[in-house]
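# Summary of the model geometry
Spelled out, the chains give:
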Amino acid sequence: MTASNRVDPSGKKPITIFGPDFPFGFDDWIQHPAGLGSLPAEHLGAEVAIVGAGISGLVAAYELMKLGLKPVVYEAAKMGGRLRSEAFNGADGVIAELGGMRFPISSTAFYHYVDKVGLETRPFPNPLTPASGSTVVDLEGVSHYAEKLDDLPVIFREVAQAWAEALEDGARFSDIQDAIRERDVVKLKALWDELVPLWDDRTFYDFVATSKAFSKLSFLHREIFGQVGFGTGGWDSDFPNSMLEIFRVVMTNCDDNQHLVVGGVEQVPRRLWSHVPESPAHWPAGTSLASLHRGAPRSGVAKIARAANGQLAITDYLGDTREYAAVLVTCQSWLLTTQIECEESLFSQKMWMALDRTRYMQASKTFVMVDRPFWKDKDPQTGRDLMSMTLTDRLTRGTYLFDNGDDKPGVICLSYSWMSDAMKMLPHPVEKRVQLSLNALKKIYPTVDISTHIIGNPITVSWESDPHFLGAFKGALPGHYRYNQRMYAHFMQADMPAEHKGIFIAGDDVSWTPAWVEGAVQTSLNAVWGIIKHFGGHTHADNPGPGDLFPTLGPIVLAD
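For the structure given in this document, a descriptive report is provided here. What you see is a predicted model, and the numbers here were worked out from it, not measured in a lab. (Residues numbered from 1 in each chain as written. Predicted model: local features only at pLDDT ≥ 70, side-chain atom pairs only at ≥ 80, totals over all residues. Heavy atoms only, no water.)

## Quick notes on the nonpolar core
The nonpolar side chains of soluble globular proteins are, as a tendency, buried together. Of all hydrophobic cores here, the largest spans 133 residues; its most connected members are Trp163, Phe247 and Met251. Filtering out sequence-adjacent residues up to four positions away, Met251 remains in contact with Ile15, Ala171, Phe173, Ile176, Gln177, Ile180, Trp192 and Leu195. Core analysis: the next-biggest nonpolar cluster, separate from the first, contains 26 residues, Val301, Cys331, Cys342 and Met487 among them. (Core = buried A, V, L, I, M, F, W, Y, C linked by side-chain atoms within 4.5 Å. Buried < 20%, exposed > 50% of the residue type's maximum accessible area, 1.4 Å probe, protein only. Contact = heavy atoms within 4.5 Å.)

## Quick notes on helix α2 (residues 55-67)
Its 13 residues place the ends of α2 18 Å apart at the C-alpha level, agreeing with the 18 Å of an ideal helix rising 1.5 Å per residue. With twelve of 13 residues buried, α2 lies mostly within the body of the structure. For α2, the set of buried residues is Ile55, Ser56, Gly57, Leu58, Val59, Ala60, Ala61, Tyr62, Glu63, Leu64, Met65 and Leu67. Backbone geometry just downstream of α2 places Gly68 in the positive-phi region, at approximately 110°. (Helix = DSSP H or I, 4+ residues; strand = E, 2+ residues; numbered from the N terminus. Expected span 1.5 Å × (residues − 1).)

## Focus on the side chain of Thr513
Position of Thr513 among the secondary structure elements: in the loop between β22 (503-505) and α18 (517-534). For Thr513, a relative accessible area of 7% corresponds to the buried category. Aside from chain neighbours lying at most four places away, what touches Thr513 is Ile17, Arg248, Asp508 and Gly519.

## Examining the environment of Leu44
Along the chain, Leu44 turns up in the loop between α1 (26-31) and β1 (47-51). Setting aside its immediate chain neighbours within four residues, Leu44 contacts Leu39, Leu67, Gly68 and His282.

## A closer look at the sheet that holds strand β6 (residues 121-123)
Read from one edge to the other, the open sheet built from three strands follows the order β5-β9-β6, with strand pairing classed as antiparallel. Each edge of the sheet is formed by a strand with only one pairing partner; in this case those strands are β5 (103-104) and β6. Note that β6 and strand β9 (residues 258-261) share three bridges and pair antiparallel. Residue pairing for β9: Arg122 is matched across the bridge by Leu260. (Pairing = 2+ DSSP bridges.)

## Looking at the packing of helix α3 (residues 108-116) against α18
At a closest axis distance of 8 Å, the pairing of α3 and α18 adopts a crossing angle of 85°. With respect to α18, the axis of α3 lies roughly perpendicular. In this structure, α3 uses Thr108, Ala109, Phe110 and Tyr113 to contact α18, whose residues at the interface are Val517, Glu518, Val521 and Leu525. When grouped by side-chain class, the residues that make up the contact of α3 with α18 number six nonpolar, one polar and one charged. (Axes fitted to C-alpha atoms, helices over the stretch in contact; angles between N-to-C directions. Parallel < 35°, antiparallel > 145°, perpendicular 65-115°, else oblique. Nonpolar A, V, L, I, M, F, W, Y, C, P; charged D, E, K, R; others polar.)

Next comes the structure, spelled out in C-alpha cells:
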C-alpha cells in the first residue's frame, strides 16, 4: 500500500505530527526540490561519526551522505535499533516485530523513507478496527465480543464519550487538531503554549480523574479506560506520565489509523543503508552508506572525548580511536553514563541532568508462529471468529493476530505489556512466558487449543534487560518538560561554549513523541541541520530548515 492509500478517512486535510511543541514541516523540508542545504567545498568528504544504526542514525547518515559528508556509523548490536523484526526459523518472511510495529499515517516524515525504499504497508490489526476483524474485551472474568464499538455494552461507549469530552473541555482538542490540519503555526503555538505550564507537572490520571466528563461517572469507568482504552489498547501504564505526553499522542493521531510494514519494519533502516540516492553532492553515482563503509558499520562506541586539537575522539570496542569534527549520538541517553565513557565536559551540567533524568518505560512481547490463521475459523456454536484480537486485565494484556495469508503461517503476539505487567515477565525464560500467556488465554477461550497450532520456536523480548537499551521508550514524568526542552533544543549550538559544540543528540528520547518513530526521524533531521551549520554550510533560501525557524517556532522555555 503506497502513500496515496494512506489518507485521512475523514476526507479533511490530514492530521500529521506537525508540532505541537515545534510546528515545523519536516515532511515538506525533506521533499523540497531545493534540498536540505549545501556545504563549503573544503568540507566535502569530511567524516562525521554516527553512534547507533537505528532509524534516527541511519536517516541522518543517509541525508548527510547526500550532502557530501562521509558518515561513519558505529553500532554495538543489531542494525535497526528498536525497529527490530525477528524472523521465525524456517518460514520465509514471517516475522515478529519486537520493537516498533504500528505506525500512524500521521508519521509523514517516516513514511517518506518507507516509500523511498519501496516498502508496502497495510492497516495494523488494532482493536475494533476492520483490520482485526473482531475484538474480545475480557475484564473481571467477563468477555465481550465485538466487531465495532457499538457491539460492546453501553458502559464502554460512555467511557469513549467521556474521553472525547475530557479532551475537548480540558485541552481544546478540536481547535488544536484544526490548527494542525491547516498548519496554522500562530494558532497552534498560542493554543499549545498555554497548555504546557498548566499540565507539565500533572499526571494523565489527574487529568482523567478531575475532568468534568469522568468525575460524573464511576470509578469503574476510569478502570475500564485504563484497562482497555480506545485506539491501541489500555492506557493505565501511562497514568503516571505527564499529561503533555498524552496530549501530543492524541492531538497528532498517533493512536489512530496505524499501519504495519509488510515483511518487517527493520527493512526501512536496512534498505536506507544500501539505498543509492540520486545526484548526491561530492560522491560518485552508485554511492550508498554500505559502499562507504565497505559493507558493515564499525563496532560499538566505548568512549567519546575531546581531543587535544579540538576534534571529537571516538574509541570503539576494539580500542581503535578516530577523530571527527562532529558526532551524532542516537543511542538512548542513559548509555552515555552506563555503556559509553563520555567526557563530562562535552555537555553542560544542566544537559547531564536532562540526559540522566530521562525515564524509560518497560515493555515485553512474546510471539509464536502458528501453522495457519486458524482464528478466522468460525465457532460452530456462535458463528463468531474462533479467536479475536484480545484486550484483557489478565497477564497477557494485549494479544494481536497477524494474518500472512491462508497459505502461510500466522503469527500471534501472545502478550504485549508495559511497565509493571512487563516486569512480571522479566525473570522468566521464553518457554515460561509462552505457558503463562497460554494459561491466561485459555480462561478467555476455553475451547481453543492454541498450542496445537504452534510451530517453530517462540520469540520474546524485554527491552529493559538489554544493556544497549535499558528500556523500551521514554515516558516523561510530571515536571520533565524542562529536561525535554533542553535535549530537543541541543542542536541549536551557535551560542554554546566551544567545549560543548560538535556533539549532537537525536532519537526517540530526544523527541517530544516517545514510542513513535516519527520523533526519532524528526530529531535526526534537526541534527542534520545542526551539522550543516557546524561545517559552515547553509540551507537554501526557498527551503529553510528547522534551525532557521527555531527562534520563532521553537518550544517555549519554562523558567527554572
